Amino acid sequence: MTKEIFMFNSDRLKAKEQGVDDTWFAVNNDENNPLDYNPWNQDLAEIKKKFLLLDQCVILFRPAFAKDEYSNREYNKGCYFLEITNQDGSITYSSKKLYTWEQLTPLAALFKDLSFSAASRVWKAKKL
């Protein structure tokens, strides 16, 4: 599945006068349609250009805060799973360990700007 993004431009001069951006982006998902109106001043888009996203690694910090359904006791507050996935979400790796936000930040940096195939190799080498 190919992921698309759209770049939109509205009236640059009017946006500048109003102190808002004239360019915005939207990911084209099946469940939503791209915004044809400037989200900051509601001007209609004058230019709409489609781009295909490359299969870069998507990095997720998934909250691990949970509650036992029988005792109502809460667990893992302030803890997260590290996940990486490809652009369309068809392949996902989830960490076997829980991390704090501060621990996750340097781990996530390992995957910055990597293709998903390169990120997969790093994930396996680090045994996350």
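Above this text you will find the structure in question.
All values derive from a computational prediction rather than experimental measurement.

A.B. asks: Tell me what's going on with the packing of aromatic side chains, and back it up with residues and numbers.
C.D. replies: In this structure the tally under the stated criterion is seven aromatic pairs. Note on Tyr-93 and Phe-116: the rings are 5.9 Å apart at their centroids and 15° apart in plane angle, and the pair reads as stacked. Of this pair, Tyr-93 sits in strand 8 (residues 92-94) while Phe-116 is found in helix 3 (residues 116-126), placing the two residues 23 residues apart along the sequence. With relative accessibility at 22%, the residue Tyr-93 sits in the partly exposed group.

A.B. asks: Please give an account of the pattern of salt bridges that cites residues and values.
C.D. replies: Applying the stated rule across the entire model yields four salt bridges. The partner of Lys-48 in a salt bridge is Asp-36, with the nearest N and O atoms 3.7 Å apart. Of this pair, Lys-48 sits in strand 3 (residues 47-52) while Asp-36 sits in the loop between strand 2 (23-28) and strand 3, placing them 12 residues apart in sequence. The class of Lys-48 is partly exposed, set by a relative accessible area of 47%. Assessed through its relative accessible area of 32%, Asp-36 is described here as partly exposed. Salt-bridge contacts for Glu-83 lead to Arg-62; the nearest nitrogen and oxygen are separated by 2.9 Å. Residue Glu-83 is located in strand 7 (residues 80-85), and its partner Arg-62 is located in strand 4 (residues 58-63); the two are separated by 21 residues in the primary sequence. Given a relative accessible area of 41%, Arg-62 falls into the partly exposed group.

So, how was this worked out
For every chain, the first residue of the written sequence is number 1, and numbering continues from 1 onward in sequence order. Local features in this predicted model are restricted to residues of pLDDT 70 or higher, and side-chain atom pairs are both shown and tallied only at a pLDDT of 80 or more, whereas totals for entire chains, interfaces and linings draw on every residue. By convention in this description, side-chain values take in all heavy atoms of the structure and omit both hydrogens and water. The rule is short: rings of Phe, Tyr and Trp, with Trp giving its six-membered ring, pair when the centres are within 6.5 Å, and they are stacked under 30 degrees, edge-to-face over 60, tilted in between. Only DSSP runs of H or I with at least four residues qualify as helices, and only runs of E with at least two residues qualify as strands; both kinds are numbered from the N terminus onward. Partly exposed residues are those whose accessible area sits between 20% and 50% of the maximum for their type, while under 20% is buried and over 50% is exposed, using a 1.4 Å probe and protein chains only. Every case where a carboxyl oxygen of Asp or Glu lies within 4 Å of a side-chain nitrogen of Lys or Arg is listed as a salt bridge.

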